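# Chain and residue survey
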Amino acid sequence: MGIRLVDTYAGKCGLFPFREREYPQAKLQIYRVSDQAILCEHTYFRGAIMRLEPPICGADLEWSGIEIIDVNSKDNWIVFDLRE
């Protein structure tokens, strides 16, 4: 399995109580390397720990979750941790 960073989205500062802060996000694809079939595609927030199961991912993956540690939308990279 492979993981592809599709896009990053910058966060936005907000002035409470008028507008809430929007955290940076990353759109990832999890794909089967042999035929490039996309098994899962989702947008994750920085700081999120998401389970890789329906409705997030419909495929049976070898990882149970993913933590998005940091998103750099300027240079288009992320730091993440896969959970077994």
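Residues numbered from 1 in each chain as written. Predicted model: local features only at pLDDT ≥ 70, side-chain atom pairs only at ≥ 80, totals over all residues. Heavy atoms only, no water.

## Notes on the sheet that holds strand 4 (residues 49-51)
- Pairing within the open sheet is antiparallel, and its three strands lie in the order 4-5-6. Looking at which strands have only one partner, the edges of the open sheet turn out to be strand 4 and strand 6 (77-83). Strand-to-strand twist in this sheet, taken as the mean axis angle between neighbours without regard to direction, amounts to 25°.
- Of the strand pairs in this sheet, strand 5 (residues 65-72) and strand 6 are connected by seven bridges, and their pairing is antiparallel. By the bridge assignment, Ile66 is partnered in strand 6 with Leu82. (Pairing = 2+ DSSP bridges. Helix = DSSP H or I, 4+ residues; strand = E, 2+ residues; numbered from the N terminus. Axes fitted to C-alpha atoms, helices over the stretch in contact; angles between N-to-C directions.)

## Comments concerning unusual backbone geometry
- Non-glycine residue Gln36 carries a positive phi angle of around 65°.
- Among the secondary structure elements, Gln36 is positioned in the loop between strand 2 (25-31) and strand 3 (38-45).
- Its relative accessible area of 42% is what places Gln36 among the partly exposed residues. (Buried < 20%, exposed > 50% of the residue type's maximum accessible area, 1.4 Å probe, protein only.)

## Quick notes on the pattern of salt bridges
- Scanning all chains against the criterion turns up four salt bridges.
- Glu67 is paired through a salt bridge with Arg83; the nearest N and O atoms lie 2.3 Å apart. Of this pair, Glu67 sits in strand 5 while Arg83 sits in strand 6; the two residues are 16 residues apart in sequence, bridging distant segments of the chain.
- Judged by relative accessible area, which is 30%, Arg83 ranks as partly exposed.
- Ionic pairing is found between Asp81 and Arg83, a salt bridge with its closest N-O pair at 3.1 Å.
- Owing to a relative accessible area of 32%, Asp81 belongs among the partly exposed residues under this scheme.
- Each of Glu67, Asp81 and Arg83 takes part in one network of salt bridges that share partners. (Salt bridge = Lys/Arg side-chain N within 4 Å of Asp/Glu carboxyl O.)

## A short note on the sheet that holds strand 3
- Taken in spatial order, the three strands of this open sheet run 1-2-3, and their pairing is antiparallel. One side of each edge strand has no neighbouring strand; the edge strands of this open sheet are strand 1 (2-9) and strand 3. On average, each strand axis in the sheet is inclined to that of its neighbour by 20°, with strand direction left out of account.
- For strand 2 and strand 3, the ladder comprises seven bridges, and the chain directions are antiparallel. Each bridged residue has a counterpart across the sheet, and for Gln25 the counterpart in strand 3 is Phe45.

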